[in-house]
Amino acid sequence: MFCYPFARFNSQKCFHSFWFSILSSMERLPQELGQEVAAQLADNDITTVHTFLMLSQEMVMSTLQMKLGSWLRIQRLQQEFRESGILSETTSASLNNSDQNLLDPSIDKDAVIKVLESSSECQKLLRGKLAEGATLLKKEKHKINRTLCDHFFANEINAGRSITSATKRKLAQSIITAFDCLACNSEEKPAEAEFFWEHNGQTTGEHTGFIHFWVRNKQAQAPPTVRKKRKSFVNLSREVSEAVDELMELDETADFTTVEQLMESTFHYRDGLRNRKVQCNELLTQFPHFIFYEGQLIHYEFEMMFPDKEATRLFSTIVPLCLVLNQFYDEIASVGVKALLKIMAELTHQGNVRKSNPSNLPPLEDFASVFVRWKQDPEDEMEGSEVPFIFCDTVAFAEGAYFVVLEKGAIACGTDFFIALDLLLKAMKVLNISVPSKAKKTVDFFLCFCLQNS
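Calculation criteria
The residue numbers shown here count from 1 along each chain, following its written sequence. Thresholds applied to this predicted model are a pLDDT of at least 70 for local features of residues and 80 or more for the giving and counting of side-chain atom pairs; totals over whole chains, interfaces and linings are not thresholded and use all residues. Note that the side-chain values use all heavy atoms of the structure and ignore hydrogens as well as water. Burial here depends on accessible area, computed with a 1.4 Å probe over protein chains only, as a share of the maximum for the residue type. Under 20% is buried, over 50% is exposed, and the range in between is partly exposed. A run of H or I in DSSP counts as a helix once it spans at least four residues, and a run of E counts as a strand once it spans at least two, with each numbered from the N terminus. Strands were regarded as paired on the criterion that DSSP finds at least two bridges between them. Nine residue types can take part in a nonpolar core, namely buried Ala, Val, Leu, Ile, Met, Phe, Trp, Tyr and Cys, and a core is a set of them joined through side-chain atoms within 4.5 Å. Contacts are assigned to residue pairs with any non-hydrogen atoms lying within 4.5 Å of each other. Only the stretch in contact is used when fitting a helix axis, every axis being a line fitted to C-alpha atoms; angles between N-to-C directions are given from 0 to 180 degrees. Convention used here: angles under 35 degrees read as roughly parallel, angles over 145 as roughly antiparallel, angles from 65 to 115 as roughly perpendicular, and any remaining angle as oblique. In this count, Pro and Cys sit with the nonpolar residues alongside Ala, Val, Leu, Ile, Met, Phe, Trp and Tyr, while Asp, Glu, Lys and Arg are called charged and the others, Gly among them, polar. Basic side-chain nitrogens of Lys or Arg form a salt bridge, by our definition, when they fall within 4 Å of a carboxyl oxygen of Asp or Glu. Whenever two N or O atoms come within 3.5 Å, that pair is a polar contact, provided that in protein one can donate a hydrogen and the other can accept it, and provided that, for residues adjacent in sequence, both atoms are side-chain atoms.

Caption draft 1: Here's a closer look at the pairing of strand 4 (residues 409-412). Here strand 4 shows a buried face lined by Gly409 and Ile411 and an unburied face lined by Ala410 and Ala412. Across four bridges, strand 3 (residues 402-406) lies against strand 4 in antiparallel orientation. Within the sheet, the bridge partner assigned to Val405 lies in strand 4 and is Ala410. Hairpin remark: strand 3 followed by strand 4, antiparallel, with two residues in the connecting loop.

Caption draft 2: Just the nonpolar core, in detail. Phe153, Leu171, Leu182, Leu406 and Leu431 are the most contacted members of the largest nonpolar core, which totals 96 residues. In terms of residue count, helix 23 (residues 417-430) provides more of this core than any other element does, nine residues in total. Not counting residues within four places of it along the chain, the set of residues in contact with Leu431 comprises Gln279, Cys280, Leu283, Leu284, Phe290 and Leu406.

Caption draft 3: Region of the structure containing the sheet that holds strand 4. With respect to topology, four strands assemble into an open sheet ordered 1-2-3-4, the strand pairing being mixed. Where the open sheet ends on each side, the last strands, each with one partner, are strand 1 (372-374) and strand 4. Between one strand axis and the next, the sheet turns through 30 degrees on average, direction left out of account. Relative to strand 2 (residues 389-392), strand 1 is paired through three bridges, and the arrangement is parallel. Following the sheet pairing, Trp374 is matched in strand 2 by Cys392.

Caption draft 4: Up close: the packing of helix 17 (residues 267-275) against helix 19 (residues 296-305). Interaxial distance between helix 17 and helix 19 falls to 11 Å at its minimum, and their mutual angle equals 80 degrees. With respect to helix 19, the element helix 17 is oriented roughly perpendicular. Across from Phe267, Arg270, Asp271 and Arg274 in helix 17, the residues of helix 19 making contact are Glu301, Met304 and Met305. Residues that form the contact of helix 17 with helix 19 fall into these classes: three nonpolar, no polar and four charged.

Caption draft 5: Spotlight on the environment of Lys438. Structurally, Lys438 can be placed in the loop between helix 23 and helix 24 (440-450). The exposure class assigned to Lys438 is partly exposed, which follows from its relative accessible area of 33%. Sequence separation of Lys438 and Phe371 is 67 residues, and the distance between their C-alpha atoms is 9.7 Å.

Caption draft 6: Fine view of the environment of Thr164. Within the element layout of this structure, Thr164 appears in the loop between helix 11 (138-158) and helix 12 (165-178). Between the alpha carbons of Thr164 and His212 there is a distance of 9.9 Å; along the sequence they are 48 residues apart.

Caption draft 7: The arrangement of the pattern of salt bridges in detail. Summed over the entire model, instances satisfying the criterion amount to twelve salt bridges. For Glu194, the salt bridge goes to Lys141, with nearest N and O atoms at 2.9 Å. On the criterion of sequence distance, the pair formed by Glu194 in the loop between helix 12 and helix 13 (210-220) and Lys141 in helix 11 is long-range, its members being 53 residues apart. Residue Asp422 is joined to Lys426 by a salt bridge in which the shortest nitrogen-to-oxygen separation is 3.2 Å. Of the two residues, Asp422 and Lys426 both sit in helix 23, four residues apart, roughly one turn of that helix. For Lys426, a relative accessible area of 10% puts it in the buried group. Connected through salt bridges with shared partners, the residues Arg270, Asp271, Arg274 and Glu301 form a single ionic network.

Caption draft 8: Representation of the environment of Glu194 within the structure. Glu194 gets classed as partly exposed once you look at its relative accessible area, which sits at 29%. Once the C-alpha coordinates of Glu194 and Gly209 are considered, the two residues, 15 residues apart in sequence, prove to be 5.1 Å apart. Excluding residues that lie within four positions of it along the chain, Glu194 makes contacts with Lys141, Gly209 and Phe210. In terms of polar contacts, Glu194 uses its side chain to reach the side chain of Lys141, at 2.9 Å.

Read these as spatial facts, not as claims about activity.
Right under this line is the structure:
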């Protein structure tokens, strides 16, 4: 039996009424599920609404050896209990901590192996790649993650209870302890990072990893009475959730048309994330497709975000006007870069002279570096950056191949600077990138110019 704080109930009558509703609900089991199923549940100490709601398909069909029809009736009755509000906000809150503590001990290496062994979907992986210690495809890792999260967390989330960071981390660590071939090989990340990484290695901020994304998506599908308590989560339909899951299993080799259709069907989900100020790193972790296909999906996403903008207004159309501004920058070969720096100098009332230069770049390169950077050494390679910029693969101030460098990779843009600048500005909006203070006025100018009629 669980204890509930008496102070939360207004009167003894309310307390009795509450318990009567709980008992009456459990008395429905023989009528709804049949005497035999109800008796089997009672024999296994499933005697309260709370323990009844914790039942999963795996428990019912594998542990209790019941048939599919029994599970379907149990699932329907669970849904009725949740939507009826039998477990009030008070009840859920009082159970939350104790239930979470009960959940943790059930997650370990042996439990992970047992769950996967009982899953027909994972049998081939267990006998094949996992047994051999071979590298798994992304979609195969998602299959493992989905199977384990369904088992350990689905009923907790549907009952309105939170899954703590510690619990997510414990499952992630148990997974790689059971199968070391699933561990992350990067020295900068913990071994379990691909499945769960708290704050993405920072002191604060969004979490990342397959488990975190599964939990967040599942919370958005919880019953209406539960979702009301989770207003920060985007409300996902089952179709959108399945599309998000499918996208996360596709890499850069996937058919572009398929990815494009899935990205279109999940647009409102990402828009909800942007409205919640989700950071660029998480968006790219969950949707790395933006970096694939030469950045085409960034252009499409931008069009969906601003459907009424005037498509023909490009920065290149005002370059002649920009070039007559006072700043010269004759050493820069690209007229596009030259025009960009002239506008930046005009809007910020500064040129290329800096009092301090922590990057140790020459003054003009340092001034331009907020938007454009050139190769400093023939051996230099592009690395991801929290602050996005355009990289030119040649010596300073010359023209060459341009790349838009983002936190998770770089996108090739050919030798046309205007294409690179257009992609960079759109990426800032699409990926919720915080614009550096030195570039803010210039970016605002470009976006106002491009979105004038939106």
